[in-house]
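These are the residues of each chain, in order.
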Amino acid sequence: MPNYNLSHLDQLEAEAIFILRETAAQFENPALLFSGGKDSIVMAWLAKKAFWPARPPFPLVHVDTGHNFDETMHYRDEFVSLLRAQLVVGSVQESIDAGRVTEETGPNASRNKLQTVTLLDTLEKHKYDAALGGGRRDEEKARAKERFFSHRDDFGQWDPKQQRPELWNLFNGRKNEGEHFRVFPLSNFTEMDIWMYIKREEIPLPSIYFAHEREIFERNGTLLAVTDFLKPQEHETVTKEIVRFRTIGDATCTGAVRSSASNLDEVIAEVAAARQTERGTRSDDKRSETAMEDRKKEGYF
(Lines give C-alpha, C1' and ligand atoms only; values in the text may rest on other atoms or scores of the structure.)
Protein backbone atom coordinates (compact mmCIF):
# COMPACT_ATOMS: atom_id res chain seq x y z
CA MET A 1 0.00 0.00 0.00
CA PRO A 2 1.29 3.51 -0.78
CA ASN A 3 2.28 5.67 2.15
CA TYR A 4 0.06 8.74 1.83
CA ASN A 5 2.02 10.54 4.56
CA LEU A 6 4.98 10.95 2.22
CA SER A 7 5.41 14.27 0.46
CA HIS A 8 5.60 14.22 -3.33
CA LEU A 9 9.38 14.77 -3.08
CA ASP A 10 9.63 11.76 -0.74
CA GLN A 11 7.72 9.66 -3.24
CA LEU A 12 9.89 10.79 -6.17
CA GLU A 13 13.01 10.10 -4.12
CA ALA A 14 11.80 6.62 -3.16
CA GLU A 15 10.95 5.81 -6.79
CA ALA A 16 14.35 6.97 -8.03
CA ILE A 17 16.22 5.05 -5.32
CA PHE A 18 14.22 1.93 -6.22
CA ILE A 19 15.27 2.33 -9.88
CA LEU A 20 18.91 2.85 -8.91
CA ARG A 21 18.89 -0.30 -6.77
CA GLU A 22 17.12 -2.27 -9.52
CA THR A 23 19.84 -1.16 -11.94
CA ALA A 24 22.58 -2.33 -9.59
CA ALA A 25 20.76 -5.66 -9.14
CA GLN A 26 19.92 -6.41 -12.78
CA PHE A 27 23.08 -5.33 -14.59
CA GLU A 28 26.65 -6.50 -14.31
CA ASN A 29 28.48 -3.26 -15.13
CA PRO A 30 26.28 -0.13 -14.99
CA ALA A 31 27.55 3.46 -15.13
CA LEU A 32 26.07 6.85 -14.27
CA LEU A 33 26.28 9.55 -16.96
CA PHE A 34 27.40 12.81 -15.36
CA SER A 35 27.42 16.16 -17.15
CA GLY A 36 27.78 18.45 -14.13
CA GLY A 37 24.23 19.68 -14.75
CA LYS A 38 21.57 19.77 -12.05
CA ASP A 39 19.77 16.58 -13.16
CA SER A 40 22.88 14.40 -13.19
CA ILE A 41 23.89 16.00 -9.88
CA VAL A 42 20.57 15.01 -8.30
CA MET A 43 20.82 11.50 -9.76
CA ALA A 44 24.33 11.05 -8.35
CA TRP A 45 23.16 12.43 -5.00
CA LEU A 46 20.33 9.88 -4.96
CA ALA A 47 22.85 7.13 -5.72
CA LYS A 48 24.86 8.33 -2.72
CA LYS A 49 21.76 8.00 -0.52
CA ALA A 50 20.66 4.70 -2.07
CA PHE A 51 23.85 2.83 -1.18
CA TRP A 52 25.08 4.69 1.89
CA PRO A 53 27.40 4.06 3.73
CA ALA A 54 29.03 2.29 0.78
CA ARG A 55 30.18 4.33 -2.18
CA PRO A 56 27.84 4.47 -5.18
CA PRO A 57 28.46 1.27 -7.20
CA PHE A 58 28.45 3.22 -10.48
CA PRO A 59 31.39 5.10 -11.99
CA LEU A 60 30.51 8.63 -13.10
CA VAL A 61 30.98 8.90 -16.88
CA HIS A 62 31.48 12.38 -18.30
CA VAL A 63 31.42 12.84 -22.08
CA ASP A 64 33.70 15.86 -22.40
CA THR A 65 33.10 18.01 -25.50
CA GLY A 66 36.13 20.16 -24.71
CA HIS A 67 33.79 23.15 -24.89
CA ASN A 68 32.70 23.24 -21.27
CA PHE A 69 32.12 26.18 -18.97
CA ASP A 70 35.01 26.51 -16.51
CA GLU A 71 32.58 26.54 -13.59
CA THR A 72 31.22 23.13 -14.65
CA MET A 73 34.63 21.49 -14.80
CA HIS A 74 35.70 22.83 -11.41
CA TYR A 75 32.45 21.67 -9.87
CA ARG A 76 32.70 18.21 -11.49
CA ASP A 77 36.00 17.42 -9.82
CA GLU A 78 34.87 18.69 -6.41
CA PHE A 79 31.61 16.73 -6.57
CA VAL A 80 33.30 13.48 -7.60
CA SER A 81 35.58 13.86 -4.60
CA LEU A 82 32.59 14.53 -2.31
CA LEU A 83 30.90 11.32 -3.47
CA ARG A 84 34.14 9.31 -3.36
CA ALA A 85 33.21 8.15 -6.85
CA GLN A 86 35.26 6.93 -9.79
CA LEU A 87 35.34 9.36 -12.74
CA VAL A 88 35.58 8.09 -16.32
CA VAL A 89 35.97 10.68 -19.09
CA GLY A 90 35.16 10.16 -22.75
CA SER A 91 36.75 12.86 -24.91
CA VAL A 92 35.11 14.27 -28.04
CA GLN A 93 38.47 15.80 -28.97
CA GLU A 94 40.02 12.31 -28.96
CA SER A 95 37.17 11.11 -31.21
CA ILE A 96 37.96 13.95 -33.63
CA ASP A 97 41.70 13.25 -33.54
CA ALA A 98 41.06 9.54 -34.23
CA GLY A 99 38.85 10.36 -37.22
CA ARG A 100 35.76 8.87 -35.56
CA VAL A 101 33.84 12.12 -36.05
CA THR A 102 34.28 15.26 -38.13
CA GLU A 103 34.20 18.63 -36.42
CA GLU A 104 31.49 20.98 -37.64
CA THR A 105 32.48 24.33 -39.13
CA GLY A 106 30.73 27.66 -39.49
CA PRO A 107 29.19 30.10 -37.02
CA ASN A 108 26.66 27.58 -35.68
CA ALA A 109 29.15 24.74 -35.31
CA SER A 110 28.76 22.68 -32.14
CA ARG A 111 30.28 19.52 -30.72
CA ASN A 112 27.03 18.56 -29.02
CA LYS A 113 25.94 16.12 -31.74
CA LEU A 114 29.45 14.61 -31.84
CA GLN A 115 28.97 13.36 -28.28
CA THR A 116 26.94 10.39 -29.54
CA VAL A 117 29.92 8.57 -31.05
CA THR A 118 32.12 9.35 -28.04
CA LEU A 119 29.42 8.09 -25.66
CA LEU A 120 28.90 4.83 -27.57
CA ASP A 121 32.66 4.27 -27.84
CA THR A 122 33.06 4.87 -24.09
CA LEU A 123 30.27 2.45 -23.23
CA GLU A 124 31.82 -0.18 -25.53
CA LYS A 125 35.37 0.38 -24.26
CA HIS A 126 34.40 -0.17 -20.63
CA LYS A 127 31.72 -2.81 -21.37
CA TYR A 128 28.98 -0.91 -19.57
CA ASP A 129 25.67 -2.74 -20.00
CA ALA A 130 23.51 0.05 -18.55
CA ALA A 131 23.95 3.81 -18.49
CA LEU A 132 21.96 5.86 -15.97
CA GLY A 133 20.84 9.22 -17.33
CA GLY A 134 19.20 12.24 -15.76
CA GLY A 135 16.55 12.70 -18.45
CA ARG A 136 13.05 13.76 -17.37
CA ARG A 137 9.81 13.30 -19.28
CA ASP A 138 8.81 16.96 -18.92
CA GLU A 139 11.92 18.23 -20.72
CA GLU A 140 11.11 17.47 -24.33
CA LYS A 141 8.57 15.48 -26.35
CA ALA A 142 11.08 12.78 -27.36
CA ARG A 143 12.01 12.19 -23.72
CA ALA A 144 8.34 11.92 -22.81
CA LYS A 145 8.30 8.62 -24.73
CA GLU A 146 10.98 7.03 -22.57
CA ARG A 147 10.54 4.12 -20.19
CA PHE A 148 12.54 3.91 -16.97
CA PHE A 149 14.54 1.06 -18.58
CA SER A 150 15.17 2.14 -22.17
CA HIS A 151 16.40 -0.68 -24.40
CA ARG A 152 19.13 0.05 -26.97
CA ASP A 153 20.14 -2.35 -29.76
CA ASP A 154 23.68 -3.55 -30.49
CA PHE A 155 24.32 -0.31 -32.43
CA GLY A 156 23.25 1.76 -29.42
CA GLN A 157 20.10 2.89 -31.22
CA TRP A 158 16.72 3.69 -29.66
CA ASP A 159 13.44 2.59 -31.21
CA PRO A 160 10.45 4.10 -29.37
CA LYS A 161 8.15 1.43 -30.83
CA GLN A 162 10.21 -1.41 -29.39
CA GLN A 163 10.29 -0.32 -25.76
CA ARG A 164 9.04 -2.76 -23.15
CA PRO A 165 5.97 -2.31 -20.94
CA GLU A 166 6.63 -1.48 -17.29
CA LEU A 167 3.45 -2.56 -15.56
CA TRP A 168 3.37 -2.60 -11.74
CA ASN A 169 6.95 -1.28 -11.63
CA LEU A 170 8.35 -4.49 -13.06
CA PHE A 171 11.42 -3.83 -15.16
CA ASN A 172 12.77 -6.15 -17.83
CA GLY A 173 16.53 -5.74 -18.18
CA ARG A 174 17.09 -8.84 -20.31
CA LYS A 175 19.23 -8.20 -23.35
CA ASN A 176 21.19 -9.94 -26.07
CA GLU A 177 24.94 -9.78 -26.51
CA GLY A 178 26.02 -6.26 -27.46
CA GLU A 179 22.78 -4.59 -26.41
CA HIS A 180 22.49 -2.28 -23.44
CA PHE A 181 20.02 -0.10 -21.56
CA ARG A 182 19.71 3.54 -20.67
CA VAL A 183 18.00 3.97 -17.31
CA PHE A 184 16.19 7.15 -16.23
CA PRO A 185 15.50 7.29 -12.47
CA LEU A 186 14.33 10.93 -12.65
CA SER A 187 11.69 10.33 -15.32
CA ASN A 188 8.79 11.58 -13.18
CA PHE A 189 10.59 14.61 -11.74
CA THR A 190 9.80 18.02 -13.21
CA GLU A 191 12.21 20.94 -13.38
CA MET A 192 10.47 22.42 -10.35
CA ASP A 193 10.79 19.13 -8.45
CA ILE A 194 14.53 19.11 -9.17
CA TRP A 195 15.00 22.59 -7.76
CA MET A 196 12.85 21.88 -4.71
CA TYR A 197 14.76 18.66 -4.04
CA ILE A 198 18.10 20.46 -4.36
CA LYS A 199 16.91 23.01 -1.82
CA ARG A 200 15.62 20.36 0.58
CA GLU A 201 18.81 18.30 0.40
CA GLU A 202 21.13 21.34 0.38
CA ILE A 203 22.99 19.95 -2.63
CA PRO A 204 25.89 22.15 -3.80
CA LEU A 205 25.62 23.42 -7.39
CA PRO A 206 27.86 25.04 -9.99
CA SER A 207 27.79 28.83 -9.59
CA ILE A 208 26.72 29.19 -13.23
CA TYR A 209 23.14 28.30 -12.22
CA PHE A 210 22.85 31.58 -10.31
CA ALA A 211 22.84 35.19 -11.49
CA HIS A 212 26.27 36.56 -12.40
CA GLU A 213 27.76 39.09 -14.79
CA ARG A 214 28.98 37.67 -18.10
CA GLU A 215 29.80 38.82 -21.61
CA ILE A 216 27.04 37.61 -23.93
CA PHE A 217 25.73 38.11 -27.44
CA GLU A 218 22.52 37.09 -29.18
CA ARG A 219 22.47 34.59 -32.04
CA ASN A 220 19.26 33.22 -33.56
CA GLY A 221 17.29 34.24 -30.50
CA THR A 222 19.68 32.58 -28.03
CA LEU A 223 21.92 34.43 -25.56
CA LEU A 224 25.36 32.83 -25.86
CA ALA A 225 28.38 33.41 -23.64
CA VAL A 226 31.67 34.63 -25.06
CA THR A 227 34.28 31.92 -24.51
CA ASP A 228 37.64 30.89 -25.94
CA PHE A 229 35.84 28.62 -28.41
CA LEU A 230 32.80 30.77 -29.21
CA LYS A 231 33.29 34.28 -30.57
CA PRO A 232 30.70 36.72 -31.94
CA GLN A 233 30.57 37.58 -35.62
CA GLU A 234 31.15 41.13 -36.81
CA HIS A 235 27.46 42.03 -36.76
CA GLU A 236 26.87 40.54 -33.28
CA THR A 237 27.14 42.95 -30.36
CA VAL A 238 28.74 41.86 -27.09
CA THR A 239 27.25 43.23 -23.88
CA LYS A 240 27.85 42.59 -20.20
CA GLU A 241 24.67 41.48 -18.51
CA ILE A 242 23.43 39.71 -15.39
CA VAL A 243 22.43 36.21 -16.50
CA ARG A 244 22.24 32.64 -15.33
CA PHE A 245 21.88 29.25 -17.03
CA ARG A 246 18.86 26.97 -16.61
CA THR A 247 20.64 24.02 -18.19
CA ILE A 248 24.32 23.20 -18.64
CA GLY A 249 25.87 21.64 -21.72
CA ASP A 250 28.28 22.43 -24.52
CA ALA A 251 28.94 26.17 -24.21
CA THR A 252 28.59 26.66 -27.97
CA CYS A 253 24.87 25.86 -27.91
CA THR A 254 23.74 26.43 -24.31
CA GLY A 255 21.94 29.73 -23.90
CA ALA A 256 21.68 31.98 -20.88
CA VAL A 257 18.64 33.80 -19.53
CA ARG A 258 18.59 37.31 -18.12
CA SER A 259 18.01 36.85 -14.43
CA SER A 260 18.60 38.34 -11.00
CA ALA A 261 17.99 35.00 -9.21
CA SER A 262 21.00 34.63 -6.92
CA ASN A 263 19.75 31.93 -4.55
CA LEU A 264 17.55 28.84 -4.62
CA ASP A 265 14.38 30.58 -3.43
CA GLU A 266 14.70 33.14 -6.22
CA VAL A 267 15.45 30.46 -8.81
CA ILE A 268 12.38 28.45 -7.73
CA ALA A 269 10.18 31.56 -8.00
CA GLU A 270 11.60 32.31 -11.45
CA VAL A 271 11.04 28.75 -12.70
CA ALA A 272 7.45 28.84 -11.41
CA ALA A 273 6.77 31.94 -13.51
CA ALA A 274 8.67 30.83 -16.63
CA ARG A 275 6.78 30.31 -19.89
CA GLN A 276 9.68 28.73 -21.77
CA THR A 277 11.04 25.26 -21.02
CA GLU A 278 14.64 25.01 -19.86
CA ARG A 279 15.64 23.34 -23.16
CA GLY A 280 14.18 26.33 -24.96
CA THR A 281 17.57 27.94 -24.35
CA ARG A 282 19.41 25.14 -26.19
CA SER A 283 20.15 26.14 -29.79
CA ASP A 284 20.97 22.54 -30.77
CA ASP A 285 17.34 21.55 -30.11
CA LYS A 286 16.20 24.20 -32.59
CA ARG A 287 17.96 22.68 -35.60
CA SER A 288 14.79 20.79 -36.49
CA GLU A 289 11.43 19.83 -34.98
CA THR A 290 12.74 16.32 -34.32
CA ALA A 291 16.34 17.20 -33.38
CA MET A 292 16.27 15.44 -30.01
CA GLU A 293 14.46 12.33 -31.25
CA ASP A 294 16.82 12.00 -34.22
CA ARG A 295 19.86 12.13 -31.92
CA LYS A 296 18.30 9.62 -29.53
CA LYS A 297 17.70 7.17 -32.38
CA GLU A 298 21.39 7.47 -33.27
CA GLY A 299 22.42 6.56 -29.73
CA TYR A 300 22.45 9.93 -27.97
CA PHE A 301 21.64 10.27 -24.27
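Below is a summary of the structure that appears in this document. (Residues numbered from 1 in each chain as written. Predicted model: local features only at pLDDT ≥ 70, side-chain atom pairs only at ≥ 80, totals over all residues. Heavy atoms only, no water.)

## Quick look at the overall build of the protein
Stated precisely, the cut-off is as follows: Secondary structure elements are taken from DSSP: a helix is a run of H or I of four residues or more, a strand is a run of E of two residues or more, and numbering for both begins at the N terminus. Categorising residues by exposure relies on relative accessible area from a 1.4 Å probe, with only protein chains included: less than 20% of the type maximum marks a residue as buried, more than 50% marks it as exposed, and the intermediate range marks it as partly exposed. In what follows, a contact means two residues having at least one pair of non-hydrogen atoms within 4.5 Å. All accessibility values rest on the Shrake-Rupley procedure with a 1.4 Å probe; residue burial counts only the protein chains present in the view.
Looking only at helices and strands, the protein has 8 helices and 10 strands in total. Burial status across the protein gives 54% buried among its 301 residues. Counting only contacts in the protein whose residues sit at least 6 apart along the sequence, the fraction spanning at least 24 positions is 73%. In the form shown here, the protein has an accessible surface area of approximately 14400 Å², with 49% of it arising from carbon and sulfur atoms.

## So, helix α7 (residues 264–273)
Under the convention used in this document: As used here, the arc is the angular range of directions from the helix axis to the C-beta atoms. For this analysis, a polar contact is any N or O atom pair within 3.5 Å, provided that within protein one partner can donate a hydrogen and the other can accept it, and provided that sequence-adjacent residues contribute only side-chain to side-chain pairs.
Listing the buried residues of α7 in full gives L264, V267, I268 and V271. Across the axial projection of α7, the buried residues extend over an arc of 100°, all falling on one side. Looking at the packing, one finds that the buried side of α7 touches α6 (191–201) and β9 (239–244). The N-capping residue of α7, defined by a side-chain oxygen 3.2 Å from the backbone nitrogen of D265, is N263.

## Brief notes about the sheet that holds strand β10 (residues 257–258)
For clarity, the cut-off: Two strands are said to pair when DSSP picks up at least two bridges between them.
Strand order in the open sheet formed by 4 strands is β8-β7-β9-β10, with antiparallel pairing between adjacent strands. Edge positions in the sheet fall to β8 (222–225) and β10, since each has one partner strand and no second. In the sheet, β9 pairs with β10 via 2 bridges, with the strands oriented antiparallel. Counted as the bridge partner of V243 is R258 from β10.

## Regarding the packing of aromatic side chains
We describe a pair of aromatic rings using the distance from one ring centre to the other and the angle between the two ring planes. The test is simple: In this scheme Phe, Tyr and Trp rings, the latter by its six-membered ring, pair at centre separations within 6.5 Å, and the angle between planes marks the pair as stacked below 30 degrees, edge-to-face above 60, and tilted otherwise.
Going through the model one piece at a time under the given rule, you end up with 12 aromatic pairs. With centroids separated by 6.0 Å and ring planes inclined at 50°, the aromatic side chains of F18 and F171 adopt a geometry described as tilted. Of the two residues, F18 is situated in helix α1 (residues 8–26) and F171 in the loop between β5 (149–152) and β6 (180–183); the sequence distance between them amounts to 153 residues. Between F189 and Y197 the ring centres are 6.2 Å apart and the planes differ by 85°, which places this aromatic pair in the edge-to-face class. Of the residues examined, Y197 reaches a relative accessible area of 0% and is grouped as buried.

## Here's the deal with helix α5 (residues 115–126)
What counts here: By this rule the span expected of a helix is its residue count minus one, scaled by 1.5 Å.
With 12 residues, α5 extends 16 Å from end C-alpha to end C-alpha; this agrees with the ideal 16 Å at 1.5 Å per step. Every buried residue of α5 is listed here: Q115, T116, T118, L119, T122 and L123. Projected down its long axis, α5 carries its buried residues within an arc of 170°, all on one side. K127 occupies a position one or two residues after α5 and carries a positive phi of about 60°.

## Focus on unusual backbone geometry
For the peptide bond that leads from W52 to P53, omega is 10°, which places it in the cis range. Looking at the secondary structure, you find P53 in the loop between α2 (38–51) and β2 (60–64). At R84, a residue that is not glycine, the phi angle is positive and equals roughly 60°. Relative to the helices and strands, R84 is located in the loop between α3 (70–83) and β3 (87–91). Judged by its relative accessible area of 41%, R84 is partly exposed. Within the chain, E202 stands out as a residue other than glycine whose phi angle is a positive 55°. Tracing the backbone through its elements, the reader meets E202 in the loop between α6 and β7 (212–219).

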